[in-house]
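# Secondary and tertiary structure notes
One letter stands for each residue in the lines below.
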Amino acid sequence: MKMMMDDELEVTVDGISYKVADLSEEARAQVTSLQFVDAQMADLSAQLAIYQTARNAYQAALQQLLPRPKQ
């Protein structure tokens, strides 16, 4: 599913575009739910990127604190 914003909101499902205004109330509710879930997934993805960056920094800091093996 793909959503676009122009003068009028459209939703594309299986390659077919539909004007949201032309959809039934139930279908519009599903579009709203999909928009909400897409936004939540984007937020989670952004949070995951932040956590991964923090993890990498902690790991790099730990590596600096560990004793070097003798060769």
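Every chain is numbered independently, its residues counted from 1 as its sequence is written. Local features in this predicted model are restricted to residues whose pLDDT is 70 or higher, and side-chain atom pairs enter the listing and the counts only when it is 80 or higher, whereas totals over whole chains, interfaces and linings include all residues. Excluding hydrogens and water, the side-chain values take into account all heavy atoms of the structure.

### Observations regarding the overall build of the protein
The numbering of helices and of strands both runs from the N terminus, where a helix is a DSSP run of H or I of at least 4 residues and a strand a run of E of at least 2. Regarding its fold elements, the protein presents 1 helix and 3 strands. Helices and strands appear in the protein in the N-to-C order β-β-β-α. Radius of gyration means the value over C-alpha atoms here, while the globule rule gives 2.2 Å times the residue count to the 0.38 power. Scaling as 2.2 N^0.38, a compact globule of 71 residues should have a C-alpha radius of gyration of about 11 Å, whereas the protein reaches 22 Å, well beyond that. Over its C-alpha atoms, taken along the principal directions, the protein stretches across nearly 70 × 20 × 20 Å.

### Observations concerning a nonpolar patch on the surface
Each patch is built from salt-bridge-free residues with over 30% relative accessible area, joining like charges within 9 Å and nonpolar side chains (Val, Leu, Ile, Met, Phe, Trp, Tyr) within 5 Å. All accessibility values rest on the Shrake-Rupley procedure with a 1.4 Å probe; residue burial counts only the protein chains present in the view. A carboxyl oxygen of Asp or Glu within 4 Å of a side-chain nitrogen of Lys or Arg is what we treat as a salt bridge. On the surface, a cluster of nonpolar side chains totalling about 230 Å² of accessible area is made up of Val13, Ile16 and Tyr18. Tracing the backbone through its elements, the reader meets Val13 in strand S2 (residues 10-13).

### Considerations on the pairing of strand S3 (residues 16-19)
Being paired, for any two strands, means DSSP has found at least two bridges between them. As paired strands, S2 and S3 are joined by 4 bridges and run antiparallel to one another. In the strand pairing of S3, Val11 is matched with Tyr18. Here S2 folds back onto S3, and the loop between the two strands holds 2 residues, one of which, Asp14, carries a positive phi near 55 degrees.

### Digging into unusual backbone geometry
Glycine aside, negative phi is the norm for most residues, and most peptide bonds take the trans geometry. The backbone of Asp14 shows a phi angle near 55 degrees, a positive value even though the residue is not glycine. Relative to the elements of secondary structure, Asp14 occurs in the loop between S2 and S3.

### Overview of the confidence of the model for the protein
Close reading of the predicted structure is inappropriate where its pLDDT is low. Averaged over every residue, the pLDDT of the protein is 91; residues scoring 70 or more account for 90%. For every residue, the predictor assigns a confidence score, pLDDT, that lies between 0 and 100. The spread of mean pLDDT over the elements of the protein runs between strand S1 (residues 2-4), the lowest at 58, and helix H1 (residues 25-65), the highest at 97.

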